[in-house]
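Single-letter residue listing:
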Amino acid sequence: MELAGTPEEEEFRARLRAWLGAVLPTLPPEPPPDDWPARRAYDLGWQRRLYDAGYGEVHWDAPPAVRLVFLEETERAGAPYVGANFVGLLHAGPTVAAEGTDAQRARWLPPILRGEEVWCQGFSEPDAGSDLAALRTRARRDGDVYRVSGSKIWTSHAEVADWCELLVRTDPAAGKHHGITWLAMRMDAPGITVRPLRTLAGSAEFAEVFLDDVPVPVANRVGEENDGWRVTQVTLSFERGTAFAGEVVACRRVLTELARAARRNGRWDDPAPRRRLGALDAEFRALWRLVQWNVSEAAAGVPGVGGSVFKLRYSHARQELYEAAAEVLGDDALDLDRPWVRDRLSALSYTIAAGTSQIQRTIVAQRILGLPKGR
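None of the values given here were measured: they were computed from a predicted structure.

**A word on the layout of surface pockets**
The calculated volume of the second largest pocket comes to roughly 400 Å³. With six residues, the single largest contributor to the lining of the second largest pocket is helix 7 (residues 245-265).

Here's what the structure looks like:
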């Protein structure tokens, strides 16, 4: 399925390419990777430039082919990606757009698009990561607010976020997948403690978040009370189906750079690395076609279970890509100052993030292949 190529799309491509060529040289240097306040300012500044130039809503409201052209051209030019606000732009925002009230959309969506507010995701818990429905963070109704107590872990960019998409249990007596509610929580509300977590790669984009009787207005509930599991499936559909689209483009660029590096250091003469890189090229071309499919579904509403197919294969293909990078780099693959080495370490988490590979296999088995549930 080829979505790009009409005169209108090519005109958009040429206009975007010219704008990127003029704007990118004027950007300040990127902040250090572990300075998240500076990264927040840098990433929001880039989003504001996109907004002012008319590209701010391309992730949401543009036709599928235009979105794909945007991803191709920004990655080709080496432009900043969504960075610290990937939660707001790529799944919290789309969830609010699909499930929120008019008032909620008016309050939360424009600041995301204008590069004014950052969101984080408060889903996983110490005892409810892969088994997300086992979450125990409790929200007790108290008039016009919920009183939230519990803890979350692996909360991306919590230390620089303004808002959190938060899953809580509002009816502990209900079944495991019932009694869950989706809330938007201000990160400066009283009772919140954020403790950064340092990863294997040395970065600290994740955090533990502790909640002690935190007040969250009932008006910040997205969907009905106790209907949060259904709303969560909308969030996860966007996270798995379209949020990684730009990363596929980036992986294809890395693959091209790997082939060049192999030619420079002589490893291209060995047929084994050539075959490995060739197989990966075919893999990422196929994944890009699946991205096109998922983006098309998202344009019509919410991505379907194809997002799980994509997430399952992409997370493994990404790991294979950086294993191939280690083979090409040789001894240099041990140098943590090289971006590819850090990316190789971070790739280890992709079979866990946004739902483990085991969960994706279960979804594919039951919802696509129609296999019975295990006992």
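**Section: the packing of helix 4 (residues 86-99) against helix 5 (residues 102-113)**
Relative placement of two packed helices is described by the angle separating their axes and the distance separating the axes. Packing of helix 4 against helix 5 leaves a shortest axis separation of 10 Å and a crossing angle of 160°. When the interaxial angle is binned, helix 4 and helix 5 end up roughly antiparallel. Of the two possible hands of crossing, helix 4 and helix 5 adopt the one that is left-handed. In this structure, helix 4 contributes Gly88, Leu89, Gly93, Val96 and Ala97 to the contact, and helix 5 contributes Gln104, Arg105, Trp108, Leu109, Ile112 and Leu113.

**Structural notes on the side chain of Gln104**
By the element assignment, Gln104 lies in helix 5. Side-chain polar atoms of Gln104 contact the backbone oxygen of Arg221, separated by 2.7 Å. For Gln104, the contacting residues outside a window of four places in its chain are Val96, Leu109, Ala219, Asn220, Arg221 and Val222.

**Quick word on helix 5**
The terminal C-alpha atoms of helix 5, which comprises 12 residues, lie 16 Å apart, in line with the 16 Å expected from a rise of 1.5 Å per residue. If you check which residues of helix 5 are buried, you get Gln104, Trp108, Leu109, Pro111, Ile112 and Leu113. Contact partners of the buried residues in helix 5: helix 2 (36-52), helix 4, strand 1 (119-122), strand 4 (163-169), strand 5 (180-186) and strand 8 (221-222). Note on helix 5: the residue one or two positions beyond its end, Gly115, has a positive phi of about 70°.

The rules we used
- Residues numbered from 1 in each chain as written.
- Predicted model: local features only at pLDDT ≥ 70, side-chain atom pairs only at ≥ 80, totals over all residues.
- Heavy atoms only, no water.
- 1 Å grid on protein atoms, 1.4 Å probe; cavity = no way out; pocket = protein on both sides within 12 Å on 5 of 7 lines; lining within 4 Å.
- Points joined across faces, edges and corners; volume = space filled by probe spheres on them.
- Helix = DSSP H or I, 4+ residues; strand = E, 2+ residues; numbered from the N terminus.
- Axes fitted to C-alpha atoms, helices over the stretch in contact; angles between N-to-C directions.
- Parallel < 35°, antiparallel > 145°, perpendicular 65-115°, else oblique.
- Left-handed = near helix turned anticlockwise from the far one by under 90°.
- Contact = heavy atoms within 4.5 Å.
- Polar contact = N/O pair within 3.5 Å; in protein donor to acceptor, adjacent residues only side chain to side chain.
- Expected span 1.5 Å × (residues − 1).
- Buried < 20%, exposed > 50% of the residue type's maximum accessible area, 1.4 Å probe, protein only.

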